[in-house]
Amino acid sequence: QVQLAESGGGLVQAGGSLRLSCAASGLTFSSYTMAWFRQAPGKEREFVAAISWSAPGTYYADSVKGRFTISRDNAKNTVYLQMNSLKSDDTAVYYCARKGLRYSGTYSFSSYDYWGQGTQVTVSS
C-alpha cells in the first residue's frame, strides 16, 4: 500500500524559509517522478514542483522558480521542498504526490495517482 507522509509545515514570516519533507512507503520510490502541489483556501490545487526518477530533472511553477528547490533522497525514500523567500501568496496546504507511470503530463494534477494528506504552510506578512 502506497503511503506518502508530509512534514515540515508551519508558520513563518515573509522572507523566511521552510523545508518540507515527504516520506514514501509501499512503492519502488526511485522509479517514480514525485511532485509537490499546493492548495490555498478557495483556490484549485496547483502544481509547485516535480522531480523525475532519473537524471534527475526538475520542474517548477513560474511562481516559485528561483525560490523553491525540490530534491530527493532515494536511499531514504524521501522528497524535499526547500522554500526560501516565502511570500504571503505561498500560504497553502502543500501536498506530496506520486506520478503514475502511464501518464506523461508532469504539471497536470490528473497525472498523479497517490497523494499525501498535506501539511499547512502559513506565511505572515
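Calculation criteria
- Residues numbered from 1 in each chain as written.
- Predicted model: local features only at pLDDT ≥ 70, side-chain atom pairs only at ≥ 80, totals over all residues.
- Heavy atoms only, no water.
- Helix = DSSP H or I, 4+ residues; strand = E, 2+ residues; numbered from the N terminus.
- Rg over C-alpha atoms; globule rule 2.2 N^0.38 Å.
- Areas by Shrake-Rupley, 256 points an atom, 1.4 Å probe, with all protein chains shown as cover.
- Lys, Arg positive; Asp, Glu negative; His and termini not counted.
- Charge placed at Lys NZ, Arg CZ, Asp CG, Glu CD.
- Pairing = 2+ DSSP bridges.
- Axes fitted to C-alpha atoms, helices over the stretch in contact; angles between N-to-C directions.
- Contact = heavy atoms within 4.5 Å.

### Focus: the overall build of the protein
Then, number 1: Scanning the protein from terminus to terminus reveals zero helices and eleven strands.
Then, number 2: Secondary structure elements in the protein, listed N-terminal to C-terminal, are β-β-β-β-β-β-β-β-β-β-β.
Then, number 3: Against the globule reference of 14 Å for 125 residues, the protein gives a C-alpha radius of gyration of 13 Å, in line with a compact fold.
Then, number 4: Counting only C-alpha atoms, the protein reaches 40 × 25 × 25 Å along its principal axes.
Then, number 5: When the accessible surface of the protein is totalled, it reaches about 6,500 Å², and 45% of it is carbon and sulfur.
Then, number 6: A distance of 5 Å separates the average location of the 12 positive side-chain charges in the protein from that of its 8 negative side-chain charges.

### Focus: the sheet that holds strand β3 (residues 18-25)
Then, number 1: Taken together, four strands build an open sheet; the order of strands is β1-β3-β8-β7 and the sheet is antiparallel. If you trace the sheet from one side to the other, it starts and ends with β1 (3-7) and β7 (68-73), each paired once. Along the sheet, successive strands turn relative to each other by an average axial angle of 15 degrees, direction set aside.
Then, number 2: As judged from the six bridges shared by β3 and strand β8 (residues 78-83), these two strands associate in the antiparallel manner. The residue of β8 that forms the bridge with L18 is M83.

### Notes on the side chain of T78
Then, number 1: Mapped onto the elements, T78 comes out in strand β8.
Then, number 2: Beyond its immediate sequence surroundings of up to four residues, T78 is in contact with S21, C22, A23, F29, S71, R72 and D73.

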